[in-house]
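Topology and contacts: notes
Residue strings, one per chain:
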Amino acid sequence: MVRTPLTPEERERGERLGALLREARGARSMVDVAASAGLSAETLRKIETGRAPTPAFFTVAALARALGLSMDDLVLRCAFVAA
């Protein structure tokens, strides 16, 4: 199966998600947060750096729960850019 290339908007949204997760993680280690979310540290690293700009819904939900973020807040802060 060939994956359709991501649009610039999708890449930008992934970068915003990564920045928000890094900010919310604060001083907590990547390993600690990833373990709390049931993910590998490498998966979290890829999301935070934008190398995985479109993570699965349940991956994002698990990270939101581990970081105390609401999904509504993530959508508002990641999906929409103020003009």
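Every value quoted in this text rests on a predicted model; they were computed, and no experiment measured them. Residue numbers here run from 1 along each chain, matching the order of that chain's written sequence. For this predicted model, a pLDDT threshold of at least 70 governs which residues receive local features, and a threshold of 80 or more governs which side-chain atom pairs are given and counted, while totals over whole chains, interfaces and linings are taken from all residues. Only heavy atoms go into the side-chain values, all of them from the structure, while hydrogens and water stay out.

**So, the nonpolar core**
Our working definition: Only buried Ala, Val, Leu, Ile, Met, Phe, Trp, Tyr and Cys residues count toward a nonpolar core, and they belong to the same one when joined by side-chain atoms within 4.5 Å. Any residue under 20% of the maximum accessible area for its type is buried, any over 50% is exposed, and the rest in between are partly exposed; the area is computed with a 1.4 Å probe on protein chains only. Secondary structure elements are taken from DSSP: a helix is a run of H or I of four residues or more, a strand is a run of E of two residues or more, and numbering for both begins at the N terminus. Two residues form a contact once any of their heavy atoms are found within 4.5 Å.
Counting 18 residues, the largest nonpolar core has Leu17, Leu21, Leu44, Leu63, Leu69 and Leu74 as its most contacted members. Sorting the residues of this core by element identifies helix 1 (8-25), helix 2 (30-37), helix 3 (41-49), helix 4 (57-67) and helix 5 (71-78) as the ones contributing at least two each. With six residues, helix 4 is the single largest residue contributor to this core. Not counting the four nearest positions on each side in its chain, Leu69 is found in contact with Leu21, Ala24, Ala64 and Leu74.

**A look at helix 3**
Cut-off, in case you're wondering: Each direction from the helix axis to a C-beta atom contributes to the arc, which is the arc of those directions.
Restricting attention to buried positions, one finds in helix 3 the residues Leu44, Ile47 and Glu48. Angular distribution of buried residues about the axis of helix 3 spans 95°; they occupy a single face of the element. Residues of helix 3 that are buried make contact with helix 1, helix 2 and helix 4. The positive-phi residue at the C-terminal boundary of helix 3 is Gly50, with phi of around 85°.

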